[in-house]
Amino acid sequence: MKRHSMERKISLRLFFMGSVGLILTAIVCLIVFYRVFSLQLWRSLEQTTQQIAVSCSKLENKEQLSDFALSSLRLTLIDPQGEVLYDSQTAVAENHLSRPEIQAALASGEGKSQRHSATVGYQTYYYAVRLDDGSVLRVAQDAATLRSIFVGALPAVLLGCIFILVLSIVLSCFLTRDLIKPIHRMVDHLDDIRDKVPYTELEPLADAIHSDQILRANNEKIRREFTANISHELKTPLTSISGYAELIEAGLAKPEDVPGFATRIHTEASRMIALVNDILALSHLDSLRDKEPSELEFTECDLAQVAQSCSARLRVNAQRAFVSVSVDAAPAIVLGNRSMLDDLCQNLCDNAIRYNRPGGKVRITTGHTASGTPFLQVQDDGIGIPQDAQARIFERFYRVDKSRSKATGGTGLGLAIVKHIALNHKAQLELKSQPGNGTCITVAFPPLPSENPK
Ligand code: ADP
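Analysis parameters
Residues numbered from 1 in each chain as written. Predicted model: local features only at pLDDT ≥ 70, side-chain atom pairs only at ≥ 80, totals over all residues. Heavy atoms only, no water. Near = heavy atom within 4 Å. Polar contact = N/O pair within 3.5 Å; in protein donor to acceptor, adjacent residues only side chain to side chain. Areas by Shrake-Rupley, 256 points an atom, 1.4 Å probe, with all protein chains shown as cover. 1 Å grid on protein atoms, 1.4 Å probe; cavity = no way out; pocket = protein on both sides within 12 Å on 5 of 7 lines; lining within 4 Å. Sits in = over half its atoms within 2 Å of the grid points. Helix = DSSP H or I, 4+ residues; strand = E, 2+ residues; numbered from the N terminus. Axes fitted to C-alpha atoms, helices over the stretch in contact; angles between N-to-C directions. Left-handed = near helix turned anticlockwise from the far one by under 90°. Contact = heavy atoms within 4.5 Å. Nonpolar A, V, L, I, M, F, W, Y, C, P; charged D, E, K, R; others polar. Points joined across faces, edges and corners; volume = space filled by probe spheres on them. Core = buried A, V, L, I, M, F, W, Y, C linked by side-chain atoms within 4.5 Å. Buried < 20%, exposed > 50% of the residue type's maximum accessible area, 1.4 Å probe, protein only. Phe/Tyr/Trp six-rings, centres within 6.5 Å; stacked < 30°, edge-to-face > 60°. Lys NZ or Arg CZ within 6 Å of the ring centre and 35° of its normal. Pairing = 2+ DSSP bridges.

**Notes on the site of the ligand**
Now for step 1: Near the ligand you find 19 residues, and of these Asn351, Tyr355, Ser405, Gly412 and Leu415 are the closest.
Now for step 2: In the environment of the ligand, an oxygen atom lies 3.1 Å from a nitrogen or oxygen atom belonging to the backbone of Val400.
Now for step 3: Thr439 places a polar side-chain atom, nitrogen or oxygen, 3.3 Å from a nitrogen atom of the ligand.
Now for step 4: The protein chains hide 97% of the 530 Å² of surface that the ligand would expose on its own.
Now for step 5: Placement of the ligand is best described as lying within the largest pocket.
Now for step 6: Elements that contribute at least two residues to the shell around the ligand include exactly helix H7 (338–354) and helix H9 (414–424).

The structure is reproduced here in structure tokens:
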């Protein structure tokens, strides 16, 4: 995903907002200013006209009107037929009856109008009043148009805009930095991130980071414990192997003891090999975690076949322990890795035989539950698991009875492997056990996609 700098983005937006605001303000100001200006102009023109009209009625000669025609004002006197009696700027003029301000003044006593001026960039404001003798007095004044005011003011406006824009760039950078600073501070204090959240919007992020930290810490703890456990588990057989070998080496072992010592060395070495194999299996399973079924080379496997082959493999072991194994296998197809499923079933059955008593029974069942879920179940009537230990037996190296586990060749990792395989297959594990009565472990698999009820 393309990443943007948040600081840059916020700065740009602030700057954009500032610029738009500035331009709009300038335009609005100009329009308002022009409106006020032209209103003022109308008002003063009206007053002037009224004053001149009052004086005008007292004049004997129309030419005397020129006394009132100041440089910017143009005075015109028109008779009721529109003929110009006097004009302060032109000597000859056409009939004025068609002019709107004159028509209005003749009709209602006063009139005004606004037209383009002869001077570029100017317009003329006309105000006309009807005098007592029926003629009309009109006063005109030129004033700059909105456009010319704008053009005139442009350099100043532009300069002002540039100044304000520069100011807004500086300000937006400063404000953005101020906005981002608490986020940087939060990142610098990851350990107590939840106490340093500057904005409520960041709380979910802080929570997620916090949970992630706890998870990592836990994982680290588990990993360290696991390493310590492995070292310890390996040290015990190595110490005894080394001890027996030393006795033989020093000639301290009687010849008749040597075969017995060799057997012990062999047993301890086998235990180590089993342990290392289990550790390798676990780390392999760990590396497969979170992978998609397609990456795991899953195929359609029949749990019934898994159960059958597992019971065949364990027959000798079971006979040795005087335990009978029976299989009640209905076809149950799941998406899985056949060798992992074999391991899963084997570990469960191994335990069912090992934590049993002579004459005990082990039953492997496969099929579908009432709700259509494929399952594999291993049930024994062995020694069972105490209630308080039931939650822990899937942990690595957890054993209820350490000496019994070791005497039967256990590594303490069998059920951890089972748990991992179940996880990889997104299968659910269910444990039911009663000390003295036996144990039943059920693995419920997700149904095949095609069998999913619609
Ligand atoms: P181990 O190699 O010790 O058997 P596991 O991980 O396979 O390690 O099992 C952990 C512990 O759970 C065992 O040590 C045993 O105490 C208990 N356990 C497992 N399966 C059974 C069972 N079927 N009946 C009774 N106890 C069991």
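We are not done yet, so read on.
**With respect to the packing of H7 against H9**
Now for step 1: In contact at an axis separation of 9 Å, H7 and H9 are set at 145° when each is read in the N-to-C sense. Between H7 and H9 the crossing geometry is left-handed. Residues Met340, Asp343, Leu344, Asn347, Leu348 and Asn351 of H7 form the contact with H9, whose participating residues are Gly414, Leu415, Ile417, Val418, Ile421, Ala422 and Asn424.
Now for step 2: Broken down by class, the residue content of the contact of H7 with H9 amounts to eight nonpolar, four polar and one charged.

**As for empty space enclosed by the protein**
Now for step 1: Counted according to the given criterion, the structure contains one cavity of 30 Å³ or more.
Now for step 2: Quantified by volume, the largest cavity comes out at close to 60 Å³.
Now for step 3: Around the largest cavity, the lining residues are Glu233, Pro237, Arg271, Met272, Leu275, Arg399, Lys406, Gly410 and Thr411.
Now for step 4: Sorting the residues of the lining of the largest cavity by element identifies helix H4 (203–249) and helix H5 (258–288) as the ones contributing at least two each.
Now for step 5: The element contributing the most residues to the lining of the largest cavity is H5, with three residues.

**Here we look at the nonpolar core**
Now for step 1: Core analysis: the largest hydrophobic core is formed by 48 residues, its most contacted members being Leu348, Leu376, Val378 and Phe445.
Now for step 2: In terms of residue count, the dominant contributor to this core is H7 (eight residues).
Now for step 3: Other than its neighbours up to four places away in sequence, Val378 contacts Leu348, Cys349, Ala352, Val362, Arg363, Ile364, Thr439, Cys440 and Ile441.
Now for step 4: Ranked by size, the runner-up nonpolar core spans 21 residues in total, among them Leu65, Tyr86, Leu131 and Val139.

**Some details on the packing of aromatic side chains**
Now for step 1: Summed over the entire model, instances satisfying the criterion amount to five aromatic pairs.
Now for step 2: Summarising the aromatic geometry, the rings of Trp42 and Tyr125 are spaced 5.0 Å apart at their centres and angled 70° between planes, so their arrangement reads as edge-to-face. With Trp42 in helix H1 (residues 6–56) and Tyr125 in strand E4 (residues 122–130), the pair connects residues that are 83 residues apart, well separated along the chain.
Now for step 3: Judged by its relative accessible area of 13%, Trp42 falls in the buried class.
Now for step 4: By relative accessible area, Tyr125 is classed as buried at 0%.
Now for step 5: By way of ring pairs, the aromatic residues Phe33, Tyr34 and Phe37 are connected into one cluster.
Now for step 6: Taking the ring centre of Trp42 as reference, the NZ or CZ of Lys112 above it sits at 4.8 Å.

**Describing the sheet that holds E4**
Now for step 1: Spatial strand order, E2-E1-E5-E4-E3: five strands in an open sheet with antiparallel pairing. Both edges of this open sheet fall to strand E2 (84–87) and strand E3 (110–116), since each of them pairs with a single strand only. Ignoring which end each strand starts from, the neighbouring axes of this sheet average 20° apart.
Now for step 2: As paired elements, E4 and strand E5 (residues 136–144) share nine bridges and run antiparallel to each other. Residue pairing across strands places Gln123 opposite Ala143, the latter belonging to E5.
Now for step 3: Across the sheet, helix H2 (residues 100–108) lies against strand E1 (73–78), E3, E4 and E5, angled at about 175° from E3, the strand it touches most.

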